[in-house]
Structure formats: structure tokens, C-alpha cells
Amino acid sequence: MNIAVLGPEGTFSETSLKQALTEISFNHIFVKDLGDLIPMIQTGEVDFAWLPWWNSGIGFLSDKNGNEFISQFYEGKLQIYLDAFMPLHFALLGQEGAHIDDIDTIHVNPYAQAICKTFFKEHSDLKVITDSSSAKAAKTVSDLKNKNIAASASVNTGKKYNLSTLKTSMVAPNEEALMQFVLFGKPESSFSIKPTGQKVTSLVIENKNVEEQRFLENINGVEVRYSSHNKELILIDIYDGSQLDDILNSINKNKIKNLGQYYSQNRPHNFK
Ligand SMILES: O=C(O)C(=O)Cc1ccccc1
């Protein structure tokens, strides 16, 4: 089984994929950009791909053109087969011997600035350069060998690229950066794994005429997440035994797309 995932070696995506799929053997194929994952599925180059989908700090993720992946799932023929939640520990990494006060430039993935808001507010003098992934940022900084340039990626990824840790966490305590990754593919793909975790059905609903968008709420035990860019899309995750009728009655549903029923790993309890 081939799974496309964001590279190079050491991305948060790769780490979470390996943690989520310990039971089965698979090959991972690295892509350079998150925007490459959906096309890899559509052209049939791979059957499955692993995508960072939603984050507790920034909501649904978008590609570099600003298109939310949830919109692309809503419009395309894609299904979720599994998901997993993992906290992100962005560390500040630099050359060996560098001191945090030496740093004037930082390489980050496109989402780190929004996720580590407090850090970047407190260090507004830093020049920020965006790379396609945290591991790409670490690799670039390692190759540059300049004591003034740092990267943000995990501590382990720093070790992989011979960088030392200048600060173990760039995520402020009040910014718990929980990331939801999903394994997705075409609806006809077959995938079997021993079920663990919470059984979930995800629906995307076009929600026209909604005045006020909230971020995440729990209505009668049903978790509802709102897309922030595309004001018309909401995601509803239904758990076994939940009351969905009230919600479906309370929204003006034009179209519903079922993204599939799957098992969810490490889903936080406050989602239920
Ligand atoms: O850059 C990485 O390491 C990724 O796996 C992608 C990603 C996207 C958003 C937050 C953290 C990681």
C-alpha cells in the first residue's frame, strides 16, 4: 500500500502517519507540497494520502492558494478512511553553538506563524521565511550553516538535520496546537485496519444564509466545525448514538456530502 505524505523526512505529517499506522505495513511517498496530495489521489498515482486537515488554533487548513481542503473534499470524490490527532511541538532550532539572541531570521512551514501566534508577536523583529514543510525548513537551515538563521520543526527533526534546540516549544501554553490528520482516498479504495478509537461519520454541509460563523461548537453531543474561509461549509462529525436531527433541522441544508465512516484515534474527549 502506497501513502503520499508531505516530505522531506521528519515532517509532523510523517511522524503522525507512522504513529497512526503501526499495525500495517505501507510505503510512504513524499510530496513537496501539501497541495500535491489531492492531485496524487485524483490521478491514481497513489491510493491513499495523509493530510493535515484541521488544527485547534487555526481551523481547517488551506493549500498555498488559499483553497481550504474541506472545500476540495466537498467538491471532489474523496473519502476519509482514518484520522488521528497529534499535538504539535514546534521547537526553535539553530546551528550548533548558536544562541537564541543571535537569531534574526526563521524558516517555518506556512502554518507555523498562525499556530505559534504569541511567539511571533513577541519576536516581531524576526524575518520570517516560509518553506513548504517544517522538515524542509530544518533541512534548509542546516544547509545554510548560518548562526543567525533558525528553523521551526520538532526537536527530533532538528536532530535528524544536525540542528540544536534553542527553545523546546514555540507554542504558548494557551495555544495548545492539536492537529487532526486524515487518511483519504477515492471512495472505491479498499482499506482494512483493526478498528481502534472512536467510530465517526463526517458530513460536510453547505450552510447557506448563515449570518454568524462560529469556530467549533457542540450541539446535543454533535460536534460542529465551521469553515473560516468558505463561509458556507460546515463539518459535522457524528458519533454513535448522537442526536443529529435537531442540528439538521436548524440549518438550511442545500447539499450534504458524506466523507465516510471511519475510526478516529486520540480524538479529544471535549469534542464529544
Ligand atoms: O510541516 C510539516 O511538518 C507538516 O507535516 C505539515 C504541517 C502543517 C501544519 C502544521 C504543522 C505541520
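Each remark here, short or long, concerns the structure printed above.
A brief structural summary. These numbers were taken from a predicted model, which means no experiment stands behind them. (Residues numbered from 1 in each chain as written. Predicted model: local features only at pLDDT ≥ 70, side-chain atom pairs only at ≥ 80, totals over all residues. Heavy atoms only, no water.)

## Comments concerning the sheet that holds strand β7 (residues 105-108)
Moving on, step 1. Pairing is mixed in the open sheet, where five strands are placed in the order β8-β7-β9-β6-β10. Among the strands making up the open sheet, the edge pair consists of β8 (127-130) and β10 (164-167). In this sheet, neighbouring strand axes are inclined to one another by 35° on average, regardless of whether the strands run parallel or antiparallel.
Moving on, step 2. One ladder, built from three bridges, connects β7 with strand β9 (residues 149-153); its direction is parallel. Paired with H107 across the bridge in β9 is A151.
Moving on, step 3. In this fold helix α6 (residues 134-144) packs onto β7 and β9, with an angle of close to 155° to the strand it touches most, β9. (Pairing = 2+ DSSP bridges. Helix = DSSP H or I, 4+ residues; strand = E, 2+ residues; numbered from the N terminus. Axes fitted to C-alpha atoms, helices over the stretch in contact; angles between N-to-C directions. Contact = heavy atoms within 4.5 Å.)

## Remarks on the layout of surface pockets
Remark: the empty space left among the atoms is shown by a probe the size of a water molecule rolled over them.
Moving on, step 1. Empty space within the largest pocket amounts to approximately 260 Å³.
Moving on, step 2. Surrounding the largest pocket, 14 residues form its lining, T15, Q19, M86, S154 and N156 being those nearest its centre.
Moving on, step 3. Sorting elements by how many residues they give to the lining of the largest pocket places helix α1 (residues 12-20) first, with five residues.
Moving on, step 4. Partitioning the lining of the largest pocket into residue classes produces four nonpolar, seven polar and three charged.
Moving on, step 5. Taken domain by domain, the makeup of the lining of the largest pocket includes at least three residues from each of domain 1 (2-87 + 177-265) and domain 2 (91-175). (1 Å grid on protein atoms, 1.4 Å probe; cavity = no way out; pocket = protein on both sides within 12 Å on 5 of 7 lines; lining within 4 Å. Points joined across faces, edges and corners; volume = space filled by probe spheres on them. Nonpolar A, V, L, I, M, F, W, Y, C, P; charged D, E, K, R; others polar. Domains from an automatic or database assignment.)

## Some thoughts on the packing of aromatic side chains
Moving on, step 1. If you walk through the whole model with that rule in mind, you get nine aromatic pairs.
Moving on, step 2. For the ring pair W50 and F181, a centre distance of 5.9 Å and an interplane angle of 5° mean the geometry is stacked. Of this pair, W50 sits in strand β3 (residues 48-55) while F181 sits in strand β11 (residues 178-185), and the two are 131 residues apart along the sequence.
Moving on, step 3. In this structure F181 comes out as buried when scored by relative accessible area, which is 2%. (Phe/Tyr/Trp six-rings, centres within 6.5 Å; stacked < 30°, edge-to-face > 60°. Buried < 20%, exposed > 50% of the residue type's maximum accessible area, 1.4 Å probe, protein only.)

## Re unusual backbone geometry
Moving on, step 1. In this structure, P8 follows G7 across a cis peptide bond, with omega equal to -5°.
Moving on, step 2. For P8, the position within the fold is in the loop between β1 (2-6) and α1.
Moving on, step 3. A positive phi is found at N266, a non-glycine position, where the angle reads about 60°.
Moving on, step 4. Along the chain, N266 turns up in the segment after β16 (253-265).

## Considerations on the site of the ligand
Moving on, step 1. Taken together, 13 residues lie around the ligand, and F12, S13, N109, S134 and M179 are the ones closest in.
Moving on, step 2. At a separation of 2.8 Å, an oxygen atom of the ligand approaches a polar side-chain atom of N109.
Moving on, step 3. Contact with the protein chains hides 100% of the accessible area of the ligand, taken as 310 Å² for the molecule alone.
Moving on, step 4. Each of domain 1 (2-87 + 177-265) and domain 2 (91-175) gives at least three residues to the shell around the ligand. (Near = heavy atom within 4 Å. Polar contact = N/O pair within 3.5 Å; in protein donor to acceptor, adjacent residues only side chain to side chain. Areas by Shrake-Rupley, 256 points an atom, 1.4 Å probe, with all protein chains shown as cover.)

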